[in-house]
Each structure stands twice: as structure tokens, then as C-alpha cells.
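Close look at the chain arrangement
Here is how the chains run, residue by residue.
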Amino acid sequence: MHKLLEEFLDKWVWPTMPGAPGAEFRLKITRERCIKGWELNLARTLADIEEELKTSDEAWKKAHALRGYAAEGVHMSIKQMSAQLLSVDIAEQEKYIDLQRMRARQIWDECKHSKLHADVLLGKGWVSDERELMDIAQANVQPLPAYFGLSMMFPHIHPLARAAQNYYTEANACLGIMAYLHLVDDPLVRHEHLSQQDEELMHFMEGKFQLDFYCTDETSQRHVEDALGYLLYQIGGIAEAAPAAVR
Amino acid sequence: MLKVDHERCTECRMCYIVCRELDINAVYIALEPLHRIEIDPEACTFPGCTACLMYCPAAGSIVETETGRSVVPPPAEAWRS
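Cut-offs applied
Residues numbered from 1 in each chain as written. Chains lettered and ligands numbered in written order. Predicted model: local features only at pLDDT ≥ 70, side-chain atom pairs only at ≥ 80, totals over all residues. Helix = DSSP H or I, 4+ residues; strand = E, 2+ residues; numbered from the N terminus. Rg over C-alpha atoms; globule rule 2.2 N^0.38 Å. Contact = placed C-beta atoms within 7 Å. Nonpolar A, V, L, I, M, F, W, Y, C, P; charged D, E, K, R; others polar. pLDDT = per-residue confidence, 0-100. Core = buried A, V, L, I, M, F, W, Y, C linked by C-beta atoms within 7 Å. Buried ≥ 20, exposed ≤ 12 C-beta atoms within 10 Å, placed from the backbone. Expected span 1.5 Å × (residues − 1).

1. Some points on the overall build of chain B
- When its secondary structure is counted, chain B shows 2 helices and 4 strands.
- Listed N to C, the secondary structure of chain B is β-α-β-β-α-β in terms of helices and strands.
- Taken over the C-alpha trace, chain B has a radius of gyration of 12 Å; the compact-globule value for 81 residues is 12 Å, and the two agree within 12%.
- Summarising its shape, the C-alpha atoms of chain B cover approximately 40 × 25 × 20 Å along the three principal directions.

2. Here's the deal with the interface of chain A and chain B
- With 16 residues of chain A at the interface, the matching set in chain B holds 15 residues.
- Every element with two or more residues in the side of chain A that touches chain B is listed here: α1 (3-13), α5 (97-123) and α8 (197-213) of chain A.
- Looking at which element gives the most residues to the side of chain A that touches chain B, the answer is α8(A), with 7 residues.
- Class assignment for the residues of the side of chain A that touches chain B results in 10 nonpolar, 1 polar and 5 charged.

3. Here's the deal with the confidence of the model for chain A
- Considering every residue of chain A, the mean pLDDT works out to 88; 93% of them sit at 70 or more.
- The element-level mean pLDDT for chain A is lowest in helix α4 (residues 76-86) of chain A, coming to 80, with α1(A) highest at 98.

4. Notes on the nonpolar core
- Ranked by internal contacts, the top residues of the largest apolar core, which has 66 residues, are B:M14 and B:C52.
- For B:C52, the residues in contact, after removing those within four places along its chain, are B:C15, B:V18, B:C19, B:V27 and B:I62.

5. Considering the confidence of the model for chain B
Residues and elements named next belong to chain B.
- Looking at chain B as a whole, the pLDDT averages 95, with 100% of positions reaching at least 70.
- The secondary-structure element of chain B with the lowest mean pLDDT is helix α1 (residues 14-21), recorded at 95, while strand β4 (residues 62-64) shows the highest, at 98.
- Predicted complex metrics record ipTM = 0.96 and pTM = 0.91.

6. A closer look at helix α3 (residues 59-71) of chain A
Residue and element names in this part refer to chain A.
- Given a rise of 1.5 Å per residue, 13 residues ought to cover 18 Å, and the 18 Å separating the end C-alpha atoms of α3 matches this to within 8%.
- All of the buried residues in α3 are K61, A65, L66, G68, Y69, A70 and A71.
- On its buried face, α3 sits against α4, α5 and α7 (187-194).
- G73 occupies a position one or two residues after α3 and carries a positive phi of about 85 degrees.

Here it is in C-alpha cells:
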């Protein structure tokens, strides 16, 4: 196991509140599914960075910043998470009020993250004003299917399905940030990542909290498992995570 | 006893959410100009409860009042039985 993943697990994943009702489930999916995905994603990110650092131009930094701008903040996160906020039934508002608070906070964080990507583009002179990004296709598109994105604006799956995304995907974000900080010296690229670090870890902690406290019955756990399968297989390309019908 | 190190805390409020969920309610918003998160030593049951430490994402932001030792990320004795 890579030392960055080991460090992440020891500091943030394994520490578990004694008696947390959903902790057994969280630790089970961590051992059986998440670690495999985290290992693969970290290895891919490190390999990508090493390739990028071999090039003499800065095109990869521009591509990353444009992709990051499209994936976080003004486009992706406001729409996706607002839809998730609105999709919690009135009758369930009381039960999930803290989940709603965390998600609302996350929208604001993600908007800051899109600004950080814009800072790279502005700082390098690739755009002179953030508004120019509205006319650049790469800053507005996502290559991935949108299970948690625009296509889920109407039928929301379950209030806790996103716990899988917070726990699994935000851990990948944290590991990606650790990888960039480990290998890249460029101060703007470090800024792009360093100033997201605590917030991405907070989003991971939201998932950890939701799994530990709320995912205590078969229904919610099934939704988390389904979402996790999607993230590992459809998004992550991990064949072993394919649904039985596909295998 | 525990206290918040405001040099490290990001005011994310995860500790507040966890403490409230457990109905301990030791984490509160202080009535001071910056309205920052604080821990009420009268209500906090540490080391009996260590829950907030498990979900705090800002390393070093919760410390033991007496020793000044950081307990984020949580030390082993806070969660290993």
C-alpha cells in the first residue's frame, strides 16, 4: 500500500467513535470495496502527475484547471447539491436536518474550489477575467455520466445515497490533493490544492458521519452499496465492482 | 477537558453536529465578536466521549486544555478499546 494512502487511513479512516451504530457497516465497505478504489485512483493520479512533470510545457495545468472549474462550484456543485437539498422530503427534513446543513455548507466550499481553478487560469494569464470561462467549452462540460449530477435533478435516489459519494469520492479528492502536494512545486498548483485540503477532508468526514450515525438499516445501506458500486464500476472502471448482472 | 485552537479550526461545525446528535451539546457558538465555535468544559464529557475528534477534519484544531496536546487526528487511546 502506498504510504500516502496508509497515512490517510491511519489519520482519518480507522479512528472510529466507540459505539457508533453504523461504524461496522462503514468499516466493512471500507475494507471490502473502498480501499481497492482508493489504491487504484491514487496510483493513477501519481502516474499522471509523473507523466505531466516530464513535459516541458504547462498545458496540463491549464487542462486541469479547466476540468476542475467544470467539475466544481458554479456549474456542477450548485446544481447537483441544490437538487439533493430539495429532494429530501418534507417529512424527512427533521431526521436529516444536519445532513441538509452539511450539504448546504458544501455548496459554498465547492464554489470556492472553482474559484481556485480560476485563480490558476488567471494567474498564468490564460484568461483575463473569470467570465471568459463561460465561453470556453472545457470549463463547462463533464465527461462522466451524471448519476449524482444533472440527470438526478428530479428523481433523487435516497437522502443517504450521497454518503457513499462523500465518503468514497471525497477520499479520492483528499488523496489526489496529497499526491499533488507530494510531487508538484508550482506555487499556483499547490495553492489550487492546498487551500481545498481541509474542506475536502470535511466533505469526507460528512460521509463518515452519515455512515456511522444514519446508515443503520438495510434500506439505507443498500442505497449506499448501490451508489458505491456505481462510483467504483461505472465511474472508476473497477471490473470487480460490476453488478452481478454485468459480470 | 478540551478546547478549540482557533489558529487551526476552520469553523466547519462538524464537532457541533456530532455533539448535538449525541445530545451532549457541549459545542456552542461563543457570544463574542467573532462568534466562534467553543467547547463548554461543564458539558463536555471527554475523555468519556471522544466523538467530535473522529469527525474533525482540521488537524490540531482540538487540544487538551491541560496539556495543550493535539487530539486531531485522534490518538489511539481515544478510539481503540
